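# Overview (structure and organization)
One-letter residues, chain by chain:
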Amino acid sequence: MGNEAQTPDAAASVDFQEVQQTGQFQELRKRHRSFVFPMAIAFLLWYFAYVLLADYAVGFMSTKLWGNINVGLVLGLLQFVSTFGITAWYVHYSNRKLDPIATEIRNEIEGHEFDKGSAMRGAAK
């Protein structure tokens, strides 16, 4: 509701392999991967460190900080904080670095510059 769905014929007329071979698409993929892969690795290391500490460093994790608050609880809550932080960082990164390129690519596709058999008609415009 409210969104205009493309007809199957419009999507079928786009040569998506041609789109994927453009410099813009390659740059978009490079920028996306340069953020996502290192961040995923860093978060997984942080997550597994927490799990391993909880399993093998029970004494450390049960160290009381304030009243009934211990190190394990604080590190567990920091898992949530870091998840929200990474999400906010990605949204900011995406708005600045990814969305402008993606919008250009979408506009070119919607402008029929990548229709099958056209050999990028829009590039000559």
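Refer to the structure above for everything that follows.
Predicted model only: the values in this text are computed from it and were never measured.

Spanning 34 residues, helix H3 (residues 23-56) covers 49 Å between terminal C-alpha atoms, matching the ideal 50 Å at 1.5 Å per step. Taken as a whole, H3 has its buried residues at Leu28, Phe35 and Met39. The inward-facing, buried residues of H3 contact helix H5 (71-110).

The geometry of an aromatic ring pair is captured by the separation of the ring centres together with the interplanar angle, meaning the angle of the planes. Enumeration according to the criterion identifies four aromatic pairs in this entry. Taking 5.4 Å as the distance between ring centres and 85° as the angle between the ring planes, the aromatic pair formed by phenylalanine 35 and tryptophan 89 counts as edge-to-face. Here phenylalanine 35 is found in helix H3, whereas its partner tryptophan 89 is found in helix H5, with 54 residues between them in sequence. The partly exposed category is assigned to tryptophan 89, whose relative accessible area is 47%. Note on phenylalanine 35 and tyrosine 93: the rings are 4.8 Å apart at their centroids and 20° apart in plane angle, and the pair reads as stacked. Of this pair, phenylalanine 35 sits in helix H3 while tyrosine 93 is found in helix H5, placing the two residues 58 residues apart along the sequence. An aromatic cluster of three or more residues is present, and its members are Phe35, Trp89, Tyr90 and Tyr93.

Scoring rules and cut-offs
Residues numbered from 1 in each chain as written. Predicted model: local features only at pLDDT ≥ 70, side-chain atom pairs only at ≥ 80, totals over all residues. Heavy atoms only, no water. Helix = DSSP H or I, 4+ residues; strand = E, 2+ residues; numbered from the N terminus. Expected span 1.5 Å × (residues − 1). Buried < 20%, exposed > 50% of the residue type's maximum accessible area, 1.4 Å probe, protein only. Contact = heavy atoms within 4.5 Å. Phe/Tyr/Trp six-rings, centres within 6.5 Å; stacked < 30°, edge-to-face > 60°.

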